[in-house]
Amino acid sequence: MATRTNPTDVKQIIESESLTLTDSEIQAYISDANVLVTDLLTNSGLSSALMKSIEKWLTAHMIVSTRMRMAAKEGAGGASITYTGVYGEGLKSTPYGQHVIALDTTGAFASLMLKRASITAVET
């Protein structure tokens, strides 16, 4: 399936001058995001525009979580900087992933964060 977003759209939302990926490298992330968005949200009733936004933000999340470190606190000498926000695991680990969860009104991406339990019965 054709992807919904493109490298230019993704670059516009990633907040870092240190992003040195080529468009073809970003396209690889877009392709992976596209597969997940398509699998989870096809027939969900979401508009194509919203699915495009989710794909863009998911791509940004994938890039940041694998290529960039997001500082919780930085310092040098007496100067320091602390970033705001509450971060968890998975999609909750970046503001981009949190935006994916917020955009997905079906809850499909939020449900990926749920821990699954299993019970095994053993005969005695």
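Residues numbered from 1 in each chain as written. Predicted model: local features only at pLDDT ≥ 70, side-chain atom pairs only at ≥ 80, totals over all residues. Heavy atoms only, no water.

### Focus: the overall build of the protein
Under the convention used in this document: Helix numbering and strand numbering both begin at the N terminus, where a helix is a DSSP run of H or I of at least 4 residues and a strand a DSSP run of E of at least 2. Only protein chains enter the accessibility calculation, which uses a 1.4 Å probe. A residue is then buried if its area is under 20% of the maximum for its type, exposed if over 50%, and partly exposed in between. Residue contacts are defined here by distance: any two heavy atoms, one from each residue, within 4.5 Å place the two residues in contact.
Secondary structure summary: the protein contains 5 helices and 2 strands in total. In the protein, which comprises 124 residues, the proportion classed as buried is 31%. For the protein, the share of sequence-separated contacts (at least 6 apart) that also reach a separation of at least 24 residues comes to 65%.

### Looking at unusual backbone geometry
With a phi close to 65°, Asn 43 is a non-glycine residue in the positive phi region. Tracing the sequence through the fold places Asn 43 in the loop between helix H2 (23-41) and helix H3 (48-67).

### Regarding H3
Spelled out, the test is: What a helix should span is 1.5 Å times the count of its residues minus one.
Here H3 spans 28 Å end to end across 20 residues, near enough to the 28 Å set by a 1.5 Å rise per residue. Met 51, Ile 54, Glu 55, Lys 56, Trp 57, Leu 58, Thr 59, Ala 60, His 61, Ile 63 and Val 64 are the residues of H3 that are buried. Residues of H3 that are buried sit in contact with helix H1 (7-13), H2, helix H4 (95-103) and helix H5 (108-111).

### Things to note about the packing of H3 against H4
As a reminder, the rule being used: Axes here refer to lines fitted to C-alpha atoms; in helices the fit is confined to the stretch in contact. Angles between the N-to-C directions go from 0 to 180 degrees. With respect to orientation, any angle under 35 degrees is reported as roughly parallel, any angle over 145 as roughly antiparallel, any angle of 65 to 115 as roughly perpendicular, and every other angle as oblique. Helix crossings fall into two classes, left-handed where the near helix is turned counterclockwise from the far one by less than a right angle and right-handed where it is turned clockwise. Put simply, Ala, Val, Leu, Ile, Met, Phe, Trp, Tyr, Cys and Pro go in the nonpolar bin, Asp, Glu, Lys and Arg in the charged bin, and everything else, Gly too, in the polar bin.
Running from N to C, H3 and H4 point in directions that differ by 155°, and their axes come no closer than 8 Å. For the element pair H3 / H4, the angle class is roughly antiparallel. Remark: the crossing between H3 and H4 carries left-handed chirality. Where H3 abuts H4, its residues Leu 50, Ser 53, Ile 54, Trp 57, Leu 58, Ala 60, His 61 and Val 64 lie against Tyr 96, Gly 97, His 99, Val 100 and Leu 103. Of the residues in the contact of H3 with H4, the class split is 9 nonpolar, 4 polar and no charged.

### Some remarks on the nonpolar core
Defined as follows: We call a set of buried Ala, Val, Leu, Ile, Met, Phe, Trp, Tyr and Cys residues a nonpolar core when their side-chain atoms join them within 4.5 Å.
With 25 residues, the main nonpolar core has Ile 14, Leu 41, Ile 54, Ile 63 and Phe 109 as its most contacted residues. Every element with two or more residues in this core is listed here: H1, H2, H3, H4 and H5. By residue number, the principal contributor to this core is H3, which donates 7 residues. When near neighbours in sequence (up to four residues on either side) are disregarded, Ile 54 contacts Val 37, Leu 41, Leu 46, Val 100, Leu 103, Asp 104 and Phe 109.

### A short note on the environment of Thr 94
With respect to the element layout, Thr 94 can be found in the loop between strand S2 (79-82) and H4. C-alpha separation for the pair Thr 94 and His 61, spaced 33 residues apart in sequence, amounts to 6.3 Å.

### Observations concerning the pattern of salt bridges
Note the following rule: One speaks of a salt bridge when a side-chain nitrogen belonging to Lys or Arg is within 4 Å of a carboxyl oxygen belonging to Asp or Glu.
One pass over the structure, following the stated rule, counts 3 salt bridges. A salt bridge links Lys 11 to Asp 23; its shortest N-O distance comes to 2.6 Å. Of this pair, Lys 11 sits in helix H1 while Asp 23 sits in helix H2, placing them 12 residues apart in sequence. Taking relative accessible area as the criterion, Lys 11 reaches 38% and is therefore assigned partly exposed.

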